[in-house]
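Structural description and commentary
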Amino acid sequence: MLKLPWHMVLKAQGSAGDASGMALHGKVALVTGGAQGIGRAVAETLLKNEAKVSLVDLNQSVGEMCKKDLDQQYGEDNCIFIQCDVTDRGKLQEAFQSTVERFGRLDIVINNAGINNEKNWEKTIEVNLTSVIKGTYLALDHMSKEYGKEGGVIINVSSMAAFLHSPHQPVYTATKHGVIGFSRAMADASEQGQYGVRINTLCPAFVDTQLLRTVEHEETMGKFVKFKDEFKERMDKFGVLKPSLIAEGMMRIITDESLNGAVMKITCSKGIHFHTYEPLSA
Ligand SMILES: NC(=O)C1=CN([C@@H]2O[C@H](COP(=O)(O)OP(=O)(O)OC[C@H]3O[C@@H](n4cnc5c(N)ncnc54)[C@H](O)[C@@H]3O)[C@@H](O)[C@H]2O)C=CC1
Ligand SMILES: CCCCCC(=O)CC\C=C/C=C/C=C/[C@@H](O)[C@@H](O)CCCC(=O)O
């Protein structure tokens, strides 16, 4: 995998006319939830850095529009859109297979798709955790040296909700905790099993996307919607990030091959930084 001085990687917001956007030339990335929000932001940054990108998303119309926009900006042969519900194991497997058949390889997988629904909390677990596990295993099928592949990097998207819980999204919070635990364990498995695949977690704070706006809705928050004011007060207190900064953090994980098992946090107060775990005392 690539090891580039960080300054060589085109920043997420892309310095105008920066010609150094070669960081990922020839690499292929698959991004779930890639049609909007954080997923679209990282797809754009990947394309700026000359990667090929497979946008995997449930939303057909938004996905097609996203591909059309990206084709206009980065050329028609550099990204594909695959309509897919990540909770459908067969469809997700097909999405990975189609990506490899189209571009010939797979190097980067970003398990980003996520929802916030405390009413249908079982669905939230299916999308935010179970499908991240499925996506990780499918990524290894196509990248792990245990299967004769060339290695790669996986980014699983958690949240700062795993560090600062709130009463209005209990199951969402549980899924994001689970993503961290699973990813750190898998990173150790990959190292000990010599998979050649780095597995890292990214925990954004509040980010200005459609998901954040679900906090107002009783149909997603259920009885916990009554706690929305505290959540909004926290947004005011801690600030709201742009999706492009999250994309920048993802690029750092992708290009710094020293990172495996890392838990990257991105907040307004501290920017891009890493969580450190105290060694367990006897
Ligand atoms: N927006 C925020 O404040 C934060 C978001 N995150 C996480 O970032 C990730 C991306 O979220 P955002 O970009 O904010 O949300 P978003 O709602 O803007 O985008 C999520 C995308 O995932 C897709 N998606 C949802 N369910 C799917 C399914 N079953 N199969 C395939 N695609 C599906 C949606 O169609 C959408 O395009 C999520 O995992 C979320 O939990 C983490 C921390 C903060
Ligand atoms: C409406 C539901 C969508 C939820 C999307 C999220 O995941 C939102 C993120 C959830 C929590 C964010 C917490 C942010 C914390 C940071 O800003 C940090 O600066 C707070 C530090 C607090 C501390 O150090 O104790």
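Residues numbered from 1 in each chain as written. Chains lettered and ligands numbered in written order. Predicted model: local features only at pLDDT ≥ 70, side-chain atom pairs only at ≥ 80, totals over all residues. Heavy atoms only, no water.

Rules: UniProt positions are given in the numbering used here, feature names are shortened, and annotations may be inferred rather than shown by experiment.
By the naming in an unreviewed UniProt entry, the chain is 15-hydroxyprostaglandin dehydrogenase [NAD(+)], taken from Electrophorus electricus. For the record of the chain, the UniProt heading Sequence similarities (unreviewed entry) holds the text "Belongs to the short-chain dehydrogenases/reductases (SDR) family."

**Here we look at the overall build of the chain**
Quick reminder of the rule: Numbering of helices and strands starts at the N terminus; helices are DSSP runs of H or I of at least 4 residues and strands are runs of E of at least 2. Using C-alpha atoms as the atom set, the radius of gyration is obtained and then compared with a globule rule of 2.2 Å times the number of residues to the power 0.38. Any residue under 20% of the maximum accessible area for its type is buried, any over 50% is exposed, and the rest in between are partly exposed; the area is computed with a 1.4 Å probe on protein chains only.
For the chain, the count of helices and strands is eight helices and eight strands. For the chain, the C-alpha radius of gyration of 18 Å lies close to 19 Å, the compact-globule estimate for 282 residues. The principal-axis extent of the C-alpha atoms belonging to the chain is close to 55 × 50 × 40 Å. When the 282 residues of the chain are sorted by exposure, 53% land in the buried category.

**Quick notes on the site of ligand 2**
Convention followed: Note on terminology: near, applied to a residue and a molecule or strand, indicates that one of the residue's heavy atoms is within 4 Å of it. Whenever two N or O atoms come within 3.5 Å, that pair is a polar contact, provided that in protein one can donate a hydrogen and the other can accept it, and provided that, for residues adjacent in sequence, both atoms are side-chain atoms. For the area figures, the Shrake-Rupley method with a 1.4 Å probe applies, and any residue is considered shielded solely by the protein chains shown. Three classes are used, and their members are as follows: Ala, Val, Leu, Ile, Met, Phe, Trp, Tyr, Cys and Pro are nonpolar, Asp, Glu, Lys and Arg are charged, and the others, Gly among them, are polar.
Among the 17 residues in the neighbourhood of ligand 2, the closest are listed as Asn116, Ser159, Gln169, Tyr172 and Phe238. With respect to ligand 2, the side chain of Tyr172 contributes an N or O atom lying 2.7 Å from an oxygen atom. For ligand 2, the protein covers 81% of the area, taking 670 Å² as the surface of the free molecule. Of the residues contributing to the shell around ligand 2, the split by class is eleven nonpolar, six polar and no charged.

**A few points about the site of ligand 1**
In the region of ligand 1, 28 residues are neighbours, and Asp57, Asn112, Tyr172, Val207 and Thr209 sit closest. Here a nitrogen atom of ligand 1 and a backbone polar atom of Leu58 are 3.2 Å apart. Between ligand 1 and Val86, the relevant distance is 3.0 Å, taken from a nitrogen atom to a main-chain nitrogen or oxygen of the residue. For ligand 1, the accessible surface in isolation is 830 Å², of which the surrounding protein chains cover 94%. Listing elements by their share of the shell around ligand 1, those giving two or more residues are helix 1 (37–48) and helix 5 (170–193). Within the shell around ligand 1, the residues separate by chemical class into 15 nonpolar, ten polar and three charged.

**Digging into the pattern of salt bridges**
Filter applied, for reference: Criterion for a salt bridge: a side-chain nitrogen of Lys or Arg within 4 Å of a carboxyl oxygen of Asp or Glu.
For the structure shown, the criterion picks out eleven salt bridges. The salt bridge involving Asp71 is made with Lys67; its shortest N-O contact spans 2.7 Å. Of the two residues, Asp71 and Lys67 are both situated in helix 2 (residues 60–74); the distance of four residues between them amounts to about one turn of the helix. With relative accessibility at 14%, the residue Asp71 sits in the buried group. On the basis of relative accessibility, which here comes to 21%, the residue Lys67 falls in the partly exposed class. Sharing partners across several salt bridges, the network here consists of Arg40, Glu44 and Asp69.

**Notes on the state of the cysteines**
Worth spelling out the cut-off: Only a pair of cysteine sulfur atoms within 2.5 Å counts as a disulfide in this structure description.
Considering all chains together, one arrives at zero disulfides under this definition. In this structure Cys66 is not part of a disulfide, and its nearest cysteine sulfur, from Cys79, lies 6.7 Å away. Given the relative accessible area of 0%, Cys66 is considered buried. With no disulfide of its own, Cys84 lies closest to Cys66 among cysteine sulfurs, the gap being 15 Å.

**Some thoughts on the environment of Lys67**
Defined as follows: When checking whether two residues touch, look at their non-hydrogen atoms; a contact exists if any pair is within 4.5 Å.
A sequence separation of 14 residues divides Lys67 from Phe81, and the C-alpha atoms of the two residues are 6.2 Å apart. Here Lys67 is in contact with Leu55, Glu76, Cys79, Ile80 and Phe81, once residues within four sequence places are set aside. A distance of 2.7 Å separates the side chain of Lys67 from the side chain of Asp71, its partner in a polar contact.

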